[in-house]
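Coordinate analysis (summary)
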Amino acid sequence: MRVQEILESFSKFPVASFEKIAPGSSLILSPHPDDESLGCAGFIATAIKQGCPPVVVIVSDGSASHPGSHLWPPERLASCRQEESRNAANALGLPSDHLFFSGLQDSAVPTAGVIFEQTVRHILELAAQYHCQNILVPWRHDPHCDHEAVWIMGQRIKALRPDLRILAYPVWGLTLPPEKEIEEQMPAGWRLNVEASLPKKRRAIEAHLSQRGLVVKDDPNGFVLPEHLLEKMLQPYEIFIAS
Ligand SMILES: [Zn+2]
């Protein structure tokens, strides 16, 4: 299907209540420290308001965003990005014991093997400990290998625990060229109205200072969140795709 048709279908997803989209508690898998804020901050804020704060697991360490920097080698950048995710979680009111870091290497999240299985097992333990019924993963067509890898983790979780509901949220997929063809059926899902949470969502995104070009000054080719993505992420609705 053409990306344009899929994006149009997202924009026509029925608007549903939080309870309908994700009844019970949820565990959110974020490939990098910032995807949870970009794709799900409204969901997180709504869940907290409803009295069921989600568990957020940041899968990769985010250490690959500024590979040309000498002042911010991977370890330093990884700890900075953890701190930014904690600040983002605070902005949303997420209790600190609901935020976890798998610490896998950025841009190298595995799609099989020992570390993959260990990570899946750890996620399932957290889901059991926090009584989660829903697992949120990135959309499979987000154009980044780590997003796809975390989607594959969701597929593994689904195979091991068919009772858990898997929902996908798009981030970078919303910026795909409209004319691109991708292998996808007509998707189904819901839109969550997050208008009331947008100020908090904005603060959560802003907490990722390093991704806004405000921390690392010695890597002119380092990553900066583009305006066109931010604009798509600060819409009144967040999209959740059934799978
Ligand atoms: Zn990402």
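The following paragraphs examine the structure supplied in this document.

Rules used in this analysis
- The written sequence of each chain sets the order in which its residues are numbered from 1.
- Where local features are concerned, this predicted model is filtered to residues with pLDDT of at least 70; where side-chain atom pairs are given and counted, the filter is 80 or more; whole-chain, interface and lining totals use all residues.
- One bridge is not enough; two strands pair if DSSP finds at least two bridges between them.
- To qualify as a helix, a DSSP run of H or I must reach at least 4 residues; to qualify as a strand, a run of E must reach at least 2; elements of each kind are numbered from the N terminus.
- To obtain each axis, a line is fitted to C-alpha atoms, and for helices this fit is confined to the stretch in contact; angles are then taken between N-to-C directions over 0 to 180 degrees.
- Whether two residues are in contact is decided by their C-beta atoms, placed from the backbone, lying within 7 Å.
- Around each residue's C-beta, the other C-beta atoms within 10 Å are counted; 20 or more make the residue buried, 12 or fewer make it exposed, and counts in between make it partly exposed. All C-beta atoms are placed from the backbone.
- If you view a crossover with the strands going away from you and the path from the first strand over the helix to the second runs clockwise, you call it right-handed.

With that settled, the discussion passes to the sheet that holds strand β2 (residues 55-60). What the seven strands build is an open sheet, ordered β3-β2-β1-β4-β5-β7-β6; its pairing is mixed. Sheet topology places β3 (99-104) and β6 (189-193) at the edges, where each strand pairs with a single neighbour. Neighbour-to-neighbour, the strand axes of this sheet turn through a mean angle of 25°, independent of strand direction. Bridge analysis of β6 against strand β7 (residues 237-242) gives five bridges, and the strand direction is antiparallel. Across the sheet, Trp190 pairs through a bridge with Phe240, a residue of β7. Of the strands in this sheet, β1 (25-30), β2, β4 (132-138), β5 (165-169), β6 and β7 are in contact with helix α3 (residues 35-49), which crosses β1 at around 170°. Where helix α6 (residues 145-160) meets the sheet, it contacts β1, β2, β4 and β5, and its direction lies at approximately 150° from that of β4.

Attention now moves to the pairing of β1. Walk down a regular strand and you will see the side chains alternate between the two sheet faces. Of all six residues making up β1, five are buried, and the element is well covered by its neighbours. Looking at chain direction, β1 and β2 are connected through four bridges and run parallel. By the bridge assignment, Leu29 is partnered in β2 with Val57. You can see the chain leave β1, run along α3 and come back into β2, and the turn it takes is right-handed.

Treat this as a map of the structure, not an account of what it does.
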